[in-house]
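Each chain is listed here by its residues.
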Amino acid sequence: MILVADCSALIALATCDALSLLDGLFGTVVVPEAVYREAVVGGKPEAEQLRVYLNGRVRALDPERTILLDGFSDPGETEAMLLYRQLQADCLLIDDRRGRRMARINNIQIIGSLGVLLSAKRAGLIEAVKPYVQRLSASDLYLSDGLISTVLEIAGEG
């Protein structure tokens, strides 16, 4: 399976030390150049971890590909959706709500960082989702209490 990743979800998974779960679930994980540049920019605590993880996973875009966009799509999301099309990928890793909406409009299969944690538990790659969610909640990343409760309930850990 091929997973194309956007930056925000990669940062979330790096924050809770869960990047390796992507390899176990999907096998092939790739990013476009814009996502790589955004992920490894200095000043982010996860930048070095992402630089190491994404080494050899950056793919160039075919400029002939097209997708539908709104006026607010950032370069990383746009390139990730274009790369998904180009590679005929199986899934797009994306957390941004607006970006997810645009992906659905383009008939792109999506999964978010919390969905990765739930899938990893179902696949037996991790025993519990809660420790990962707790690390995310303790970080600067925003997760609503309702979303946390829902994820833990789905995981049977509520």
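Scroll up a little and you will see the structure.
If you're wondering where the values come from, they're calculated on a predicted model, not measured in any experiment. (Residues numbered from 1 in each chain as written. Predicted model: local features only at pLDDT ≥ 70, side-chain atom pairs only at ≥ 80, totals over all residues. Heavy atoms only, no water.)

Caption draft 1: Layout of the side chain of Arg57. Mapped onto the fold, Arg57 is located in the loop between helix 4 (47–54) and strand 3 (58–59). Taking relative accessible area as the criterion, Arg57 reaches 18% and is therefore assigned buried. (Helix = DSSP H or I, 4+ residues; strand = E, 2+ residues; numbered from the N terminus. Buried < 20%, exposed > 50% of the residue type's maximum accessible area, 1.4 Å probe, protein only.)

Caption draft 2: Fine view of the packing of helix 2 (residues 19–26) against helix 4. Following both chains from N to C, one finds helix 2 and helix 4 inclined at 25°, their axes separated by 10 Å at the closest point. With respect to helix 4, the element helix 2 is oriented roughly parallel. Like other packed secondary-structure pairs, helix 2 and helix 4 cross with a definite hand, here right-handed. Contacts between helix 2 and helix 4 involve Leu19, Leu22 and Asp23 from the first element and Gln49, Leu50 and Tyr53 from the second. Residue composition of the contact of helix 2 with helix 4, grouped by class: 4 nonpolar, 1 polar and 1 charged. (Axes fitted to C-alpha atoms, helices over the stretch in contact; angles between N-to-C directions. Parallel < 35°, antiparallel > 145°, perpendicular 65-115°, else oblique. Left-handed = near helix turned anticlockwise from the far one by under 90°. Contact = heavy atoms within 4.5 Å. Nonpolar A, V, L, I, M, F, W, Y, C, P; charged D, E, K, R; others polar.)

Caption draft 3: Broad picture of the nonpolar core. Counting residues in hydrophobic clusters, the biggest one holds 54 residues, and the most contacted among them are Leu10, Leu22, Leu92, Leu93 and Leu117. The dominant element in this core, judged by the number of residues it contributes, is helix 1 (residues 7–15), at 7 residues. Setting aside residues up to four positions removed in sequence, Leu92 forms contacts with Leu3, Val4, Ala80, Met81, Tyr84, Ala103, Ile108, Gln109, Ile110 and Ile111. (Core = buried A, V, L, I, M, F, W, Y, C linked by side-chain atoms within 4.5 Å.)

Caption draft 4: Expanded view of the pattern of salt bridges. In the structure shown here, the tally under the stated rule is 6 salt bridges. Its salt-bridge partner being Asp17, residue Arg135 comes within 3.9 Å of it at the nearest N-O pair. Of this pair, Arg135 sits in helix 8 (residues 130–138) while Asp17 is found in the loop between helix 1 and helix 2, placing the two residues 118 residues apart along the sequence. Between Asp23 and Arg57 there is a salt bridge whose closest N-O contact spans 2.9 Å. Highlighted residues: Asp23 in helix 2 and Arg57 in the loop between helix 4 and strand 3, separated in sequence by 34 residues. In the salt-bridge network here, residues are joined through shared partners; they are Glu77, Asp96 and Arg98. (Salt bridge = Lys/Arg side-chain N within 4 Å of Asp/Glu carboxyl O.)

Caption draft 5: Geometry of the packing of aromatic side chains. This model, assessed by the stated rule, comprises 0 aromatic pairs. Here the basic side chain of Arg57 rests over the ring of Tyr53, its NZ or CZ set 4.0 Å away from the ring centre. (Phe/Tyr/Trp six-rings, centres within 6.5 Å; stacked < 30°, edge-to-face > 60°. Lys NZ or Arg CZ within 6 Å of the ring centre and 35° of its normal.)

Caption draft 6: Here's a closer look at the pairing of strand 1 (residues 2–5). Summarising the sheet, strand 1 and strand 2 (residues 28–32) pair through 3 bridges and their orientation is parallel. By the bridge assignment, Val4 is partnered in strand 2 with Val30. Strand direction decides the pairing type here: strand 1 and strand 4 (residues 91–93), joined by 3 bridges, are parallel. By the bridge assignment, Ala5 is partnered in strand 4 with Leu93. (Pairing = 2+ DSSP bridges.)

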